[in-house]
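Each chain, written out:
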Amino acid sequence: MHFQWDWLCLGVLIMSSVTAGMENEENLDADVEVENFDKQSQEADVDRDKSSIEVAYQTPKPTGEVYFTESFDEGLSRWVLSVTLKEDTDDNVAKYDGRWEVEELKENAMPGDKGLVLKSVAKYHAISAMLTKAFVFDDKPLIVQYEVNFQKGIDCGGAYIKLLSSSNDLNLEYFFDKTPYTIMFGPDKCGEDYKLHFIFRHKNPKTGEYDEKHAERPDVDLKKFYLDKKTHLYTLVLKPDDTFEILIDQTVVSKGSLLENMIPPVNPPKEIEDPTDKKPDDWDERPKIPDPNAVKPDDWDENEPAKIEDPDAVKPEGWLDDEPQYVPDPNAKKPKDWDEEMDGEWEAPQIPNAKCEAAPGCGEWVRPMKNNPKYKGKWRAPMIDNPNYQGIWSPRKIPNPDYFEDPHPFKMTTVSAIGLELWSMTSDIYFDNFIICSEKEVADRWAADSWGLKKLVASANEPGMFSQLVTAAEEHPWLWVLYILTLALPVGLTVLFCWPGKKSDECIAFKKPDISKQITKGELKEEAEEFEDDELEEEKENEAPDEDGKMKRREMEETKTELIKDNTMKMGREALVSEVEVEGDEDIYDDDDENEVPDEEENEVLDGSQDDGFNKSDSEDEKKEDDEGMGDLPLKSVRKRRVRKD
């Protein structure tokens with residue numbers, strides 16, 4: 001049983017350790033880990049004991065072929081503000097006059113690291129820049145990546161970017177919502193609708209018109225990225241095999257195919273419904289019809305009402321027929337500003353009649369209504385299967401005259417500029433570190449030297465777990481109960497199952513040394529014979545004619561006798577004490593019934609052993625003194641001690 005409790009205790013401790021480990025893993029997983037993070041970018045002296053961290057920031061440099069990069073550390077020299085008006089909008093808000101600034105983050109800023117910040121509320125913003133070189137959708141992937149931080153959260157607004165299509169008449173000063181773009185990508189939120197856009201404009205090869213194709217919504221919860229006020233990294237990867245990936249903080253949140261996971265599909269259906277086909281007049285779509293052979297029963301009365309007055313009802317005694325349920329309030333007074341010409345004749349407001357409160361009712365008594373047992377309603381014939389049922393009609397299919405098949409929608413319109421055209425009800429939206437390239441390694445290195453440092457600083461400046469728990473409990477006081485239960489449960493289980501309890505009397509009695517174990521006559525006889533053999537051997541060794549030998553032998557026998565007496569008295573007293581302590585616990589010795597020896601038999605064994613061993617050297621007086629010394633002590637067992645000559 002003790003072994004089982006030890007295992008149970010060990011199991012509780014292991015479960016507590018595992019739970020703590022899982023909590024640590026959950027806390028670590030809350031911040032999405034950076035994949036392929038450059039080790040060289042982590043070489044910063046971080047002092048974890050301080051409330052802030054200092055990182056030697058340097059403007060990131062691209063390490064491979066890029067089409068566009070922007071860190072905003074040198075301002076907006078290459079960016080162009082739009083001066084046009086938004087179409088189909090009131091003139092007072094149609095102008096793109098929203099303000100942009102280049103500044104550091106409000107929290108967890110690194111000296112020298114700046115970004116583009118949207119500053120105005122409820123205004124249209126538009127800013128754009130030309131790419132270093134145009135991106136042609138050929139045989140290289142397209143990777144678009146940038147950072148966003150909703151420093152004040154977000155109520156309603158977007159933080160997406162547009163990759164503007166190349167054209168001869170592209171003028172960035174007139175960049176607005178109708179400017180042709182190839183790809184729109186980034187976060188957008190209004191109300192409780194959290195979106196992550198990926199839209200591309202596909203050119204119809206037959207008509208030459210462009211249609212917007214929207215990627216399916218990600219399956220992950222995007223809410224935390226909009227409300228945690230942290231800098232997040234958004235990445236779009238388009239591959240020449242017509243697949244795409246969308247990543248947040250270098251973790252894939254959505255992926256699919258341009259041919260299968262876009263709404264509406266890139267390629268139209270091969271067949272469509274014939275718009276000229278019409279349903280025949282005799283087409284019967286009714287699966288059930290009324291039974292034409294059914295006849296209404298003769299006793300079916302459709303004129304019976306559903307409710308009738310209860311003829312058995314009796315007006316309660318004390319009903320006040322002459323008292324109205326409501327009376328004018330006697331304490332009400334006409335307002336001083338009441339104008340009877342404008343407001344009409346003033347009447348006091350109605351209040352419940354006080355006399356009706358003590359009575360069962362007031363006013364004219366009316367019999368209550370009850371269900372009419374004769375009511376059956378309008379008779380209708382039962383429904384049967386329609387023998388002429390032809391199913392639900394649908395137009396016939398014909399080949400789609402507008403059908404086309406674009407096997408490679410990746411081959412989109414060439415991109416030559418990037419722009420932000422936004423409306424927001426929240427200010428201080430932070431953008432930073434744009435990069436457009438074709439190699440994932442280049443984008444990852446760029447992220448490591450920019451976003452990676454921001455993440456490192458933010459992680460170092462975050463409050464510890466204890467502070468976070470206390471802050472959460474201040475906002476939600478009921479969490480204190482959860483904390484207490486979480487701490488008390490493992491402690492209580494440990495004390496309950498692992499703390500050494502007080503041993504019971506039964507266990508103590510069971511574990512006591514068996515000092516009063518009885519010896520049978522046979523065992524005592526064997527010991528006596530062994531003792532006699534030892535004496536014979538000693539006599540042979542000590543045979544000598546001289547008197548000195550006899551004197552030594554006599555002294556030895558006397559010593560033996562005294563030792564036996566002392567041992568007998570001591571064992572008798574111990575047996576008495578043992579009987580007093582374990583009184584009532586005779587069950588302990590039930591298993592050895594065959595070895596029990598009655599008192600008389602024990603005395604016989606004792607007498608016999610004494611006579612055999614040393615009655616020659618003891619006198620009758622000495623035996624009597626021994627009996628008196630023992631008194632009434634119950635003798636349980638006597639063992640002779642062998643005494644060597646030396």
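Residues numbered from 1 in each chain as written. Predicted model: local features only at pLDDT ≥ 70, side-chain atom pairs only at ≥ 80, totals over all residues. Heavy atoms only, no water.

A. Highlighting the state of the cysteines. With the rule as written, the count across this model stands at two disulfides. One disulfide in the model links C356 with C362; its S-S distance is 1.8 Å. Measuring the twist about the S-S bond at about -125°, one finds the C356-C362 disulfide to be left-handed. Both residues of the pair, C356 and C362, count as buried. (Disulfide = S-S within 2.5 Å. Buried < 20%, exposed > 50% of the residue type's maximum accessible area, 1.4 Å probe, protein only.)

B. View of the pattern of salt bridges. By the definition in use, this model includes 30 salt bridges. Across the pair R217 and D193 runs a salt bridge, and its minimum N-O distance is 3.0 Å. In this pair, R217 is assigned in the loop between β11 (210-215) and α3 (223-227) and D193 in strand β10 (residues 193-203), connecting sequence segments 24 residues apart. In this structure D193 comes out as partly exposed when scored by relative accessible area, which is 31%. Here K334 ties to E340 by a salt bridge, and the two come within 3.5 Å at their closest N and O atoms. For K334, a relative accessible area of 40% puts it in the partly exposed group. On the basis of relative accessibility, which here comes to 46%, the residue E340 falls in the partly exposed class. Several salt bridges share partner residues, and in doing so they unite E103, K106, K119, K152 and D428 into one network. (Salt bridge = Lys/Arg side-chain N within 4 Å of Asp/Glu carboxyl O. Helix = DSSP H or I, 4+ residues; strand = E, 2+ residues; numbered from the N terminus.)

C. Layout of the side chain of Q250. With respect to the helices and strands, the residue Q250 is situated in the loop between β13 (243-248) and β14 (251-257). Q250 sits in the buried class, given a relative accessible area of 3%. A polar contact is formed between the side chain of Q250 and the side chain of D444, at a distance of 3.3 Å. (Polar contact = N/O pair within 3.5 Å; in protein donor to acceptor, adjacent residues only side chain to side chain.)

D. A look at the side chain of D274. Following the sequence through the fold, D274 ends up in the loop between β16 (271-273) and β17 (288-290). Under the relative-accessibility criterion, D274 is labelled buried at 8%. With near-sequence residues (within four places) excluded, D274 lies in contact with P395, R396 and I398. (Contact = heavy atoms within 4.5 Å.)

E. Seen up close, the pairing of strand β8 (residues 161-165). Taken across its five residues, β8 has five buried, putting it largely inside the fold. As judged from the four bridges shared by β8 and strand β24 (residues 415-424), these two strands associate in the antiparallel manner. In the sheet register, K162 faces β24, and the bridge partner there is G419. (Pairing = 2+ DSSP bridges.)

F. Highlighting the environment of K355. On the secondary structure map, K355 appears in helix α5 (residues 355-358). Residues K355 and E323, spaced 32 residues apart in sequence, show a C-alpha to C-alpha distance of 7.8 Å. Other than its neighbours up to four places away in sequence, K355 contacts L320 and E323. Among the polar contacts made by the side chain of K355, one reaches the side chain of E323 at a distance of 3.4 Å.

G. Just the packing of aromatic side chains, in detail. Taken as a whole and assessed by the stated rule, the structure comprises 17 aromatic pairs. Centre to centre, the rings of Y146 and F185 are 6.3 Å apart; their planes meet at 85°, and the pair counts as edge-to-face. You can see Y146 sitting in strand β6 (residues 142-150) and its partner F185 sitting in strand β9 (residues 181-190), a full 39 residues away along the chain. Taking the relative accessible area as the measure of exposure, F185 reaches 1% and is therefore buried. Here the guanidinium or amino end of R201 rests over the ring plane of Y181, the centre of that ring lying 5.6 Å away. The ring of Y210 has R201 sitting right over it, with the charged end atom 4.6 Å from the ring centre. (Phe/Tyr/Trp six-rings, centres within 6.5 Å; stacked < 30°, edge-to-face > 60°. Lys NZ or Arg CZ within 6 Å of the ring centre and 35° of its normal.)

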